[in-house]
Amino acid sequence: MDTIRKYTLPACFLLVPFAILSTGLIHISHIYALTISALIISAAQGGKSAYLPVGKERKFFLSPGDVIFLFACYVSVWQVVLFIQSLLNKLSPMSALDGLSAIIFLIVGIVLYQDVVKSEIRLNVFFNIICVSALIQVVLAYFQWGFAVDPFLYVINLMFKAEQRLAANAATGTLGNNNYLAAYLAISSPFFSRKYWSWCLPFIMVIIYACATSMAVISLGAGALVAGTMLMRDGKIPKQTYWLSLILVGVTVIWYAFFYHTIIRGMGRTGYSLERYDMWAYVYAALTYSWQNMIFGMGPGAAWIRPYPLHSEWVSTAYQYGLIGAGFMALFLHRIRTQNLLMLTSTVIIAVNIMGNSALHFAPQAFLIIIVLGLIERERNQEIGPCRKAER
């Protein structure tokens, strides 16, 4: 894998001049090819695979960075296919360019991820920055929810006209939507369990409650379950406390997600249906139309009937990249290894939250997720460093 990474840049350099990806002037094709190459090259700079000691043997471990690289190669091939379909008049040029927009977004995410992995900023400093960012959102949300006053919107209106189309007391911070704010705070919450920051947790939980979004509460419950189990396993909390806390959290999550702000909405011919059932049913119909759609998806940047994301990163990935893309996503999460309980809990919250939320489609949440996952890979690279030196 490392050898393939090593020669990615020269291979792209040799291939770009021969790219024919659009009609018209040849240099436009070269620009498209360079953009696709940038995705592969940026992904190739990620964490390295390694042969680590397992007992008396050495076992090959695929790193999260390896998974990102393989996924980038897959997406790049998909984009080339879109351009070829456009050349053959089987796809509109604008549809092919939609895929290029998705690739640019992936390039930005990968570059940020690599920067976090290679950063020398101490872990606690990163955690403190996350907490400060979340607290700013919480303070703004209290004004919005408690007093129907939006300081952020007021400042914007000093420069140009803007309006809030949600309820006057909707808790949104600067993120524009209560779902986005709840996801942001839920992912950040484990880092508030440290000394001097823990007093902020009750205020954060109140705002998450005020956001009236079930997925954030469900993901928090999953994170609490994992954190509590790890603490009990390590003997840091007694079993009685663990089970009592588990019951309290479980009852709270069930009450909030299924009775207070239920995820079940609307009556259909077969009874109650999920609030997002219609959009996910559309994806299911599209993917099951043919085995090719099921395996490979509809392509990068594929549009659907509404102008906003599918409210699930798992569903969105399957829709665009098929079972192969969803498999890469699952493999990436499976390869995550960390001894840090705060980052592990945050990762569990991320994995559950994106089942019913499009967190990776919106910059603030995506950046936060990139930081958390990048720090985990940085920790892994630091652990395998001595193993690599020993091999030499």
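Residues numbered from 1 in each chain as written. Predicted model: local features only at pLDDT ≥ 70, side-chain atom pairs only at ≥ 80, totals over all residues. Heavy atoms only, no water.

Trainee: I'd like to hear about the packing of helix H12 (residues 277–287) against helix H14 (residues 313–334), residue by residue, with values.
Mentor: What describes two packed helices is the angle between their axes and the distance between those same axes. Direction vectors running N to C along H12 and H14 enclose 25°, while the axes themselves pass 10 Å from each other. One element, H12, and the other, H14, form an angle in the roughly parallel class. Along this stretch, H12 crosses H14, giving a crossing that reads as left-handed. Contacts from Trp280, Tyr282, Val283, Ala286 and Leu287 in H12 reach Val315, Ala318 and Tyr319 in H14. (Axes fitted to C-alpha atoms, helices over the stretch in contact; angles between N-to-C directions. Helix = DSSP H or I, 4+ residues; strand = E, 2+ residues; numbered from the N terminus. Parallel < 35°, antiparallel > 145°, perpendicular 65-115°, else oblique. Left-handed = near helix turned anticlockwise from the far one by under 90°. Contact = heavy atoms within 4.5 Å.)

Trainee: Can you lay out the confidence of the model for the protein for me, pointing to particular residues and giving the numbers?
Mentor: Detailed reading of the predicted coordinates is not advisable wherever pLDDT is low. Per-residue pLDDT for the protein has a mean of 84; in total, 90% of the residues score no lower than 70. Looking at the elements of the protein, mean pLDDT is at its lowest for strand S4 (residues 271–274), recorded as 45, and at its highest for helix H6 (residues 123–147), recorded as 95. pLDDT under 50 marks residues 51–56. Its contacts with residues more than four places away, or in other chains, come to 14 contacts. Scored below 50 in pLDDT, residues 386–392 makes 9 contacts in the model with residues more than four places away or belonging to other chains. (pLDDT = per-residue confidence, 0-100.)

Trainee: How would you sum up the packing of aromatic side chains? Please name residues and give values.
Mentor: Scanning the model with the defined rule gives 16 aromatic pairs in all. Between Phe71 and Phe328 the ring centres are 5.9 Å apart and the planes differ by 65°, which places this aromatic pair in the edge-to-face class. Of the two residues, Phe71 sits in helix H4 (residues 64–87) while Phe328 sits in helix H14, which places them 257 residues apart along the sequence. Like Phe71, the residue Phe328 is buried in the burial classification. Seen from their ring centres, Trp199 and Phe203 are 6.2 Å apart, and the 80° between their planes marks the pair as edge-to-face. Using a relative accessible area of 55% as the deciding quantity, one classes Trp199 as exposed. By relative accessible area, Phe203 is classed as partly exposed at 41%. (Phe/Tyr/Trp six-rings, centres within 6.5 Å; stacked < 30°, edge-to-face > 60°. Buried < 20%, exposed > 50% of the residue type's maximum accessible area, 1.4 Å probe, protein only.)

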